[in-house]
Amino acid sequence: MLRDFSVQSLFMGVLIAFVGFASSFAVVLHGLTGVGANEAQAASGLMALSISMGVCAILVSTVTRLPVSIAWSTPGAALLASSGVVEGGFNAAVGAFLVCGLLIIIAGLWKPLGRIVSAIPPALANAMLAGVLLSLCFAPVKAIAFNPLFGLPIVLAWAVVGSVSRLYAVPAALIAFVLVVALGIDMPEGALAGLSAALVPQVEFVSPSFSTSALISIALPLFIVTMASQNIPGIAVLKVNDYHPDPGPLFATTGLFTLLSAPFGGHAVNLAAITAAMCAGSDSHPDRARRYWSAINAGIAYVVFGLLAGAVTTFVSLAPSVLIEAVAGLALIGAFSSSAVAAFTNAETREAAAITFLVTASGVGFAGVSGAFWGLVAGGLMLALARFAKRKACPA
């Protein structure tokens, strides 16, 4: 195994971890605080997720000898940000994370549930995701309106670097955010001491509780978004690169690591989609049989980044929240545009997708349940009604 190691896979692994962490940790922090986590709990959740997905990547890639890239659920974190605090607060959200992990395990081991998830019309799943992401994608504009001197450098860094390489666009925005905070924000007394203290990892155990509203508002939509937007595309990327693993055990393993990270504030661990292409592609190594080391190296780097999560969270808290939301929004623009295009491509499902999108994007919940769930229900009913009417109009 060690003879398969290469400097090329080491570089690619570190790059994958940096891009994966830097491009979306802001979304994760925003999502966790959105469902009631305090600063310490959000830092613990970020650490738990990063370490869990790192260990998972190392384990899976070592056992299978395949370049299986693991990530946290960025769309799931965006969903949390739009869900709001449910009855029972963050403890109930953690209970929902546990249920989501259990559902992912069942989907991997019990094929009927996996087939049910696959049977959800892709147009509706994408429309729900687009509706969830819409409000977050407004954040860069809001940051500029809040303070152009703070917001514009972040957006311009993303746009200029992105015009050359989409891969480095969000890291560039993150660097601009760091410079804005360091040079433009008046640091409170004792901020540096607090930042130094945060270098020591702090684990926060959150006792889970369970409520119907949390299960329906968080667990079910989180499960659907994670499977539809991360796990299934992750398998597809591997297949495109001529790797053909059995999806079930991989899904079940990510579900297990979701269960392990949930009590410490982590929401979902899953197969990566974007960084999976980096792991499995020729840039990782010319020899296909040796590319799994890029995933192992990425896993090691994720563990290191996870141990620094407290310092990252403390630094972010020094800035107005709208600035880190702007970085998160920029990170999600690509996902929003892709999901919106996929939602409205098929004319037959376009109206139902529009209903799903609008109900979800409204952010309005009913009976204590978030708009994401009701958007999927409303779109599903609209699609079923349209198909019923079509059958009546064209009897066999």
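Refer to the structure above for everything that follows.
Basis of the calculations
Residues numbered from 1 in each chain as written. Predicted model: local features only at pLDDT ≥ 70, side-chain atom pairs only at ≥ 80, totals over all residues. Heavy atoms only, no water. Helix = DSSP H or I, 4+ residues; strand = E, 2+ residues; numbered from the N terminus. Rg over C-alpha atoms; globule rule 2.2 N^0.38 Å. Buried < 20%, exposed > 50% of the residue type's maximum accessible area, 1.4 Å probe, protein only. Contact = heavy atoms within 4.5 Å. Areas by Shrake-Rupley, 256 points an atom, 1.4 Å probe, with all protein chains shown as cover. Lys, Arg positive; Asp, Glu negative; His and termini not counted. Charge placed at Lys NZ, Arg CZ, Asp CG, Glu CD. Core = buried A, V, L, I, M, F, W, Y, C linked by side-chain atoms within 4.5 Å. Phe/Tyr/Trp six-rings, centres within 6.5 Å; stacked < 30°, edge-to-face > 60°. Lys NZ or Arg CZ within 6 Å of the ring centre and 35° of its normal. Polar contact = N/O pair within 3.5 Å; in protein donor to acceptor, adjacent residues only side chain to side chain. Axes fitted to C-alpha atoms, helices over the stretch in contact; angles between N-to-C directions. Parallel < 35°, antiparallel > 145°, perpendicular 65-115°, else oblique. Left-handed = near helix turned anticlockwise from the far one by under 90°. Nonpolar A, V, L, I, M, F, W, Y, C, P; charged D, E, K, R; others polar.

Quick look at the overall build of the chain
Working step 1: Within the chain one finds 19 helices and two strands.
Working step 2: For 396 residues, the compact-globule estimate of 2.2 N^0.38 gives 21 Å, and the chain sits close to it at 21 Å.
Working step 3: By principal-axis analysis of the C-alpha atoms, the chain measures approximately 70 × 55 × 45 Å.
Working step 4: For the chain, the proportion of its 396 residues judged to be buried stands at 53%.
Working step 5: Contacts spanning at least 24 positions in sequence make up 83% of the contacts within the chain whose residues lie at least 6 apart.
Working step 6: As displayed, the chain has an accessible area near 16,500 Å², and 71% of this comes from carbon and sulfur atoms.
Working step 7: Averaged over its 15 positive side-chain charges, the chain has a centre that lies 18 Å from the centre of its 13 negative ones.

Topic: the nonpolar core
Working step 1: Phe 25, Phe 90, Phe 97, Phe 177, Phe 223 and Leu 323 are the most contacted members of the largest nonpolar core, which totals 108 residues.
Working step 2: Residue contributions to this core peak at eleven residues, all from helix α5 (residues 89–109).
Working step 3: Those residues in contact with Phe 25 that lie beyond four places of it in its chain are Leu 46, Trp 72, Leu 174, Val 312, Val 316 and Ile 324.
Working step 4: Ala 127, Ala 130, Ala 353 and Phe 357 belong to the second-largest nonpolar core, a separate cluster that totals seven residues.

Considering the packing of aromatic side chains
Working step 1: In this structure the tally under the stated criterion is eight aromatic pairs.
Working step 2: Seen from their ring centres, Phe 205 and Phe 264 are 6.0 Å apart, and the 75 degrees between their planes marks the pair as edge-to-face. Residue Phe 205 is found in the loop between α11 (191–197) and α12 (212–240), and its partner Phe 264 is found in the loop between α13 (247–261) and β2 (269–271); the two are separated by 59 residues along the sequence.
Working step 3: The structure contains a cluster of three or more aromatic residues connected by ring pairs, namely Phe 21, Phe 25, Trp 72 and Phe 305.
Working step 4: Above the plane of the ring of Tyr 243 lies Arg 288, whose end atom (NZ or CZ) is 4.3 Å from the centre.

Some words on unusual backbone geometry
Working step 1: One non-glycine residue, Arg 65, lies in the positive phi region at around 60 degrees.
Working step 2: Looking at where Arg 65 falls in the secondary structure, it is placed in the loop between α3 (39–64) and β1 (70–72).

Description of the side chain of His 285
Working step 1: Structurally, His 285 can be placed in the loop between α14 (274–280) and α15 (292–307).
Working step 2: Residue His 285 is classed as buried on the basis of its relative accessible area, which comes to 9%.
Working step 3: Looking at His 285, its side chain comes within polar contact range of the main-chain nitrogen of Asp 287, at 2.9 Å.

A few points about the packing of helix α2 (residues 25–34) against α3
Working step 1: For the pair α2 and α3, the least separation of the axes is 9 Å and the interaxial angle reads 130 degrees. One finds that α2 runs oblique with respect to α3. In the crossing of α2 with α3, the sense of the turn from one axis to the other is right-handed. Contact residues: Phe 25, Val 28, Leu 29, Leu 32 and Thr 33 in α2; Ala 42, Gly 45, Leu 46 and Leu 49 in α3.
Working step 2: Taken together, the residues of the contact of α2 with α3 break down into seven nonpolar, two polar and no charged.

Observations regarding the packing of α12 against α13
Working step 1: Between α12 and α13, the shortest axis-to-axis distance is 10 Å and the interhelical angle comes to 135 degrees. For the element pair α12 / α13, the angle class is oblique. For α12 against α13, the interelement crossing comes out right-handed. Touching Met 227, Asn 231, Ile 232 and Ile 235 of α12 are Pro 247, Leu 250, Phe 251 and Thr 254, all from α13.
Working step 2: For the contact of α12 with α13, a count of residues per class yields six nonpolar, two polar and no charged.

Details of the side chain of Asn 270
Working step 1: Note that Asn 270 resides in strand β2.
Working step 2: Looking at Asn 270, its side chain comes within polar contact range of the main-chain nitrogen of Ser 73, at 3.2 Å.

A short note on the environment of Gly 101
Working step 1: Its place among the elements puts Gly 101 in helix α5.
Working step 2: For Gly 101, a relative accessible area of 0% gives the class buried.
Working step 3: Sequence spacing of Gly 101 and Ser 282 is 181 residues, and the spatial spacing of their C-alpha atoms is 32 Å.
Working step 4: Contacts of Gly 101, omitting those with residues within four sequence positions, involve Gly 255, Thr 258 and Leu 259.

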